[in-house]
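Given next are the chains, with one letter for each unit.
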Amino acid sequence: MARELNVINNSGSGDACTYMWACAICDETEQCQKDKEGHSRWLVAKRMERIEYKVLIMSNKGGVGKSTCTTNIAVSLALKGWHVGICDMDIHGPNIPKMVGAEGQKLKISTSGGIIPFQAYNLKIASMSFLLQNSDDPIIWRDAYKYEFINQLLGGVDWQDLNFLLIDLPPGTGNESVTTIDLLGQVSGAVIVTTPQEVALLDSRKSVTFCRDSEVPIIGIVENMSGLECPHCHTQIDVFRKGGGEASASDMGVPFLGRIPLDPDVVTQSDAGEPFALFNSDTPTAEAYHQIANQVEGFCKKGASLLKVGKPTAGPLRGISQ
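These remarks concern the structure in this document. (Residues numbered from 1 in each chain as written. Predicted model: local features only at pLDDT ≥ 70, side-chain atom pairs only at ≥ 80, totals over all residues. Heavy atoms only, no water.)

### Brief notes about the overall build of the chain
Spelled out, the test is: Secondary structure follows DSSP: runs of H or I at least 4 residues long count as helices, runs of E at least 2 residues long count as strands, and numbering of each begins at the N terminus. Burial classification: accessible surface area is computed with a 1.4 Å probe over protein chains only, and a residue below 20% of its type maximum counts as buried, one above 50% as exposed, and the rest as partly exposed. We call two residues in contact when some of their heavy atoms are within 4.5 Å. Surface accessibility in these figures is a Shrake-Rupley result with a 1.4 Å probe; residues are shielded only by whichever protein chains are displayed.
Along its length, the chain carries 10 helices and 13 strands. In the chain, which comprises 322 residues, the proportion classed as buried is 52%. A separation threshold of at least 6 residues defines the contact pool for the chain, and within that pool the share at least 24 residues apart is 75%. Within the structure as shown, the chain displays about 14,700 Å² of accessible surface, and the carbon and sulfur contribution to it stands at 50%.

Structure, rendered in structure tokens:
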């Protein structure tokens, strides 16, 4: 029987370990003298080699709708038949579970020792939110604790075979982003989310520079909350201006993936735990998510150095449809 996950902090050094579960959930952790740092990195590598494409969803500024974009891009990819996971790396503001109706759920540990990701809408999801006793509890951690947790999300979770793992990074270019990229080793690409106003565009340019400095391929920039259709006269209202994301992408020499309207129904559906791109698939807003997902898929497939799932002799994992 699976049991609920409890996070345990540990440290130590010693010989190599080949257990396929994280030190924090190992029954031998208190007396173990093996190299825990080496084992954590090895475990992340073992988990990630079964995943074809690792995609970062990031922004340098909070409040731009990054988690909403992550959820709906993931749903769009799943609708195409791909096996998709979401790693909610936003430790202080984990919102992904709320958006898929999984708030208050708890992760469990399998009999083999791996953390079982929560499954909703054909997505595998792991998040700090699943470990909180109360959703209002703040996370007050120094970087060392964050490092251990990031290790557990990437290496301790039994992701198994996936075509896409979308990693929802917290705002900014700080410790969580640096640690995630360092542990992954190879990232398929990054989607940078911004809004049209100038202050957000300045921050998105920093994200582009961060990716280039970190040698992370840039899939492109998404301009979220781009225009609002008046429900009465159907006139387009540019609440936060319009076109800045495309201009920023042009100036920085990166692809522009498209605009997502400021749609009140997206907020309503997200709060209800129902991904908009799934329940309103025929709307212009959902179509924007689908088009961005198509470009993410195309970019990842085009990469010459992307990992294949499973054994070296095996072909890539296929979804239900191509």
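### Remarks on the pairing of strand β2 (residues 51-58)
To be explicit about the condition: Two strands pair if DSSP finds at least two bridges between them.
Burial analysis of β2 places 8 of its 8 residues in the buried class, the great majority of the element. Looking at chain direction, β2 and strand β8 (residues 162-168) are connected through 6 bridges and run parallel. Bridging from a neighbouring strand, L56 pairs with I167 of β8. Looking at chain direction, β2 and strand β9 (residues 189-194) are connected through 4 bridges and run parallel. Within the sheet, the bridge partner assigned to M58 lies in β9 and is I192.

### A word on the packing of aromatic side chains
Worth spelling out the cut-off: In summary, the pairing rule links any two rings of Phe, Tyr or Trp, Trp by its six-membered ring, whose centres are within 6.5 Å, and it sorts them by plane angle into stacked for under 30 degrees, edge-to-face for over 60 and tilted for everything else.
Taken as a whole and judged by the stated rule, the model has 6 aromatic pairs. Ring geometry for W82 and F164: centres 6.2 Å apart, planes at 75 degrees, overall edge-to-face. With W82 in the loop between α2 (66-79) and β3 (84-88) and F164 in strand β8, the pair connects residues that are 82 residues apart, well separated along the chain. Note on accessibility: W82 and F164 belong to one class, buried.

### Concerning the side chain of D263
Examined against the element boundaries, D263 turns out to sit in the loop between β13 (256-259) and α8 (264-271). If we skip the residues at most four places from it in the chain, D263 touches F276 and T285.

### Quick look at unusual backbone geometry
Look at Y121: it is not a glycine, yet its phi comes out positive at around 55 degrees. Among the secondary structure elements, Y121 is positioned in the loop between β6 (118-120) and β7 (123-127). You can call Y121 partly exposed: its relative accessible area is 31%. Residue Q160 is not a glycine yet carries a positive backbone phi of 60 degrees. Residue class for Q160 comes out partly exposed when judged on its relative accessible area of 38%.

### Thoughts on the sheet that holds β7
Under the convention used in this document: Axes, fitted as lines to C-alpha atoms, cover a helix only where it is in contact. Angles between the N-to-C directions of the axes lie from 0 to 180 degrees.
Read from one edge of the open sheet, 8 strands run β6-β7-β3-β8-β2-β9-β10-β13, paired in mixed fashion. With one partner strand each, in any of the chains shown, β6 and β13 form the two edges of the open sheet. In this sheet, adjacent strand axes meet at a mean angle of 25 degrees when their direction is disregarded. Strand contacts of α2: β2, β3, β7, β8 and β9, with the helix running at about 170 degrees to β8, the strand carrying the most contacts. Here helix α10 (residues 284-302) sits on the sheet in contact with β2, β8, β9, β10 (218-223) and β13, set at roughly 170 degrees to β10.

### Observations concerning the packing of helix α4 (residues 143-156) against helix α5 (residues 175-184)
Put simply, the test is: When an angle is under 35 degrees it counts as roughly parallel; over 145 it counts as roughly antiparallel; between 65 and 115 it counts as roughly perpendicular; any other value is oblique. Less than a right angle of anticlockwise turn of the near helix away from the far helix marks a crossing as left-handed, whereas a clockwise turn marks it as right-handed.
Orientation of α4 relative to α5, taken along the N-to-C sense of each, is 40 degrees, at an axis distance of 10 Å. Relative to α5, the element α4 lies oblique. When the axes of α4 and α5 are compared, the crossing they make is right-handed. For the pair formed by α4 and α5, the contact residues are D143, K146, Y147, I150, N151 and L154 on the first element and N175, E176, T179, T180, L183 and L184 on the second.

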